[in-house]
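Here are the chains, one letter per residue:
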Amino acid sequence: MIMGFDNDDSTIFDAQRQFVQESRIPLAMMGMLHAIPKTPLHDRLAAEGRLDPSDEPEFGTNVIPLRGRPR
């Protein structure tokens, strides 16, 4: 499961946990959205100034959230 889309807010964590439990999924992997170079997502976020240029992203993503940088 990927988190970090523009419409995600802090409720995404509980919603995904509830979905996994109710679906009786024995093992789930979660990851942060990462814009891969040379993809439309990367191009769009670059044009919007929403890519984190650091080599080692602090939060496992190179995407700066629509609502601002996490604290």
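Residues numbered from 1 in each chain as written. Predicted model: local features only at pLDDT ≥ 70, side-chain atom pairs only at ≥ 80, totals over all residues. Heavy atoms only, no water.

1. Notes on helix 1 (residues 12-23)
Taking 1.5 Å as the rise per residue, helix 1 with 12 residues should run 16 Å; its terminal C-alpha atoms sit 16 Å apart, in good agreement. Every buried residue of helix 1 is accounted for by Ile12, Gln16 and Val20. Buried residues of helix 1, viewed axially, fall in a sector of 65 degrees; they line one side. Opposite the buried face of helix 1, at more than 90 degrees from it, the exposed residues are Gln21 and Glu22. (Helix = DSSP H or I, 4+ residues; strand = E, 2+ residues; numbered from the N terminus. Expected span 1.5 Å × (residues − 1). Buried < 20%, exposed > 50% of the residue type's maximum accessible area, 1.4 Å probe, protein only. Arc of directions from axis to C-beta.)

2. As for a nonpolar patch on the surface
On the surface, a cluster of nonpolar side chains totalling about 340 Å² of accessible area is made up of Met1, Phe19, Ile25 and Met30. Relative to the helices and strands, Met1 is located in the segment before strand 1 (2-3). A relative accessible area of 34% means that Met1 is categorised as partly exposed. (Patch = residues over 30% accessible without salt bridge, like charges linked within 9 Å, V, L, I, M, F, W, Y side chains within 5 Å. Areas by Shrake-Rupley, 256 points an atom, 1.4 Å probe, with all protein chains shown as cover. Salt bridge = Lys/Arg side-chain N within 4 Å of Asp/Glu carboxyl O.)

3. Some thoughts on unusual backbone geometry
Phi at Arg24 takes a positive value of approximately 55 degrees, unusual for a residue other than glycine. Looking at Arg24, the relative accessible area reads 74%, which means it is exposed. One non-glycine residue, Lys38, lies in positive phi territory at about 70 degrees. With respect to the element layout, Lys38 can be found in the loop between strand 2 (31-32) and helix 2 (40-47). Residue classification places Lys38 among the exposed positions, given a relative accessible area of 82%.

4. What to know about the nonpolar core
With 5 residues, the main nonpolar core is built from Leu33, Ala35, Leu45, Leu51 and Val63. Not counting chain neighbours up to four residues away, the residues in contact with Leu51 comprise Ala35, His42, Leu45, Ala46, Asn62 and Ile64. (Core = buried A, V, L, I, M, F, W, Y, C linked by side-chain atoms within 4.5 Å. Contact = heavy atoms within 4.5 Å.)

5. Some details on the pattern of salt bridges
Enumeration according to the criterion identifies 4 salt bridges in this entry. One salt bridge connects Glu48 with Arg44, and the closest N-O pair in it is separated by 3.3 Å. You can call Arg44 partly exposed: its relative accessible area is 38%. Measuring nitrogen to oxygen at the nearest pair gives 2.9 Å for the salt bridge that ties Arg50 to Glu48. Residue class for Arg50 comes out buried when judged on its relative accessible area of 8%. Residue classification places Glu48 among the partly exposed residues on the basis of a relative accessible area of 40%. Within this structure, Asp6, Arg44, Glu48 and Arg50 form a network of salt bridges that share partners.

In short, geometric facts, not functional conclusions.
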